[in-house]
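# Geometric and topological summary
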Amino acid sequence: MDAREALAAALRRHAPADEEEARDRARILAFLLRNERPFDRAVLEGHLTGSAITVSADGSRVLLLHHRKLDRWLQPGGHGDPGETTGEEVALREALEESGIPGLVLHPAAARPLDVDVHDIPARGDEPAHEHLDLRYLVRAPEGAAAAPDLAELHEIRWVRWDDVDALFPDHGLRRALAKARALCEVNR
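Not measured: the values here are computed from a predicted model.

What counts and what doesn't
- Residues numbered from 1 in each chain as written.
- Predicted model: local features only at pLDDT ≥ 70, side-chain atom pairs only at ≥ 80, totals over all residues.
- Heavy atoms only, no water.
- pLDDT = per-residue confidence, 0-100.
- Helix = DSSP H or I, 4+ residues; strand = E, 2+ residues; numbered from the N terminus.
- Buried < 20%, exposed > 50% of the residue type's maximum accessible area, 1.4 Å probe, protein only.
- Arc of directions from axis to C-beta.
- Contact = heavy atoms within 4.5 Å.
- Polar contact = N/O pair within 3.5 Å; in protein donor to acceptor, adjacent residues only side chain to side chain.
- Expected span 1.5 Å × (residues − 1).

## Regarding the confidence of the model for the protein
Summing up the model confidence of the protein, the mean pLDDT is 93 and the portion of residues at 70 or higher is 99%. Of all helices and strands in the protein, the one with the weakest mean pLDDT is strand 8 (residues 154-161) (89), whereas strand 5 (residues 105-106) scores best (98).

Quick look at the structure:
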């Protein structure tokens, strides 16, 4: 089974948490089935991206970053690099690049993906408006991990306790993904 077939199978097994996620899952699956290179940024309608809902080793905190261009608190994540064919590898690479934390791993008890979300990206420079079809994975940091990011794209990055997340005003899709991550971390403590 190649990477696209494996992802299609994973998306078919994925249990959406709400109607919005169910619609997004259907859109991502349809996109995947009609695009040979779904992570390719050259696909004008949009492309798959990978995100990491990154939790501390003990599961008590989540790593969030304040994105400079979007002026919003988000999870680490972004575009695939040439040659990347799975959401897992994109999410882990992006989390390492944005956080500076080595040793990040996929959470062994989490569904893959944990959550899916489709969101619009506005036109910027020569890049037209398009969609990010985001595959979100639960990632665990090693014990004592401290973020050491390159702040070129970020205003700030910080570990946030679960009870303090709402004060950062995450959008609905991120709140849903964080709720899934929190529930899984609390069960696995």
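On we go.
## Quick word on helix 1 (residues 3-13)
For helix 1, the set of buried residues is Leu7, Ala8, Ala10 and Leu11. Angular distribution of buried residues about the axis of helix 1 spans 165°; they occupy a single face of the element. Structural note: helix 1 exposes Arg12 and Arg13 on the side pointing more than 90 degrees away from its buried face. Those residues of helix 1 that are buried are in contact with helix 2 (19-34), strand 1 (46-55), strand 6 (115-121) and strand 7 (130-140). The N-cap of helix 1, judged by a side-chain oxygen 3.2 Å from the amide nitrogen of Arg4 a few residues on, is Asp2.

## Looking at the side chain of His14
The topology assignment puts His14 in the loop between helix 1 and helix 2. At a separation of 2.7 Å, a polar atom in the side chain of His14 contacts the side chain of Glu21. In this structure, His14 is in contact with Glu21, Arg25, Pro113, Leu114, Asp115, Val116 and Lys180, ignoring residues within four places of it in sequence.

## Structural notes on helix 4 (residues 172-187)
Compared with the 22 Å implied by 1.5 Å per residue over 16 residues, the 23 Å span of helix 4 between its first and last C-alpha is a close match. Looking at the packing, one finds that the buried side of helix 4 touches helix 2, strand 1, strand 2 (61-67), strand 3 (72-74), strand 6 and strand 7. Its side-chain oxygen 3.2 Å from the backbone nitrogen of Gly173, Asp171 forms the N-cap of helix 4.

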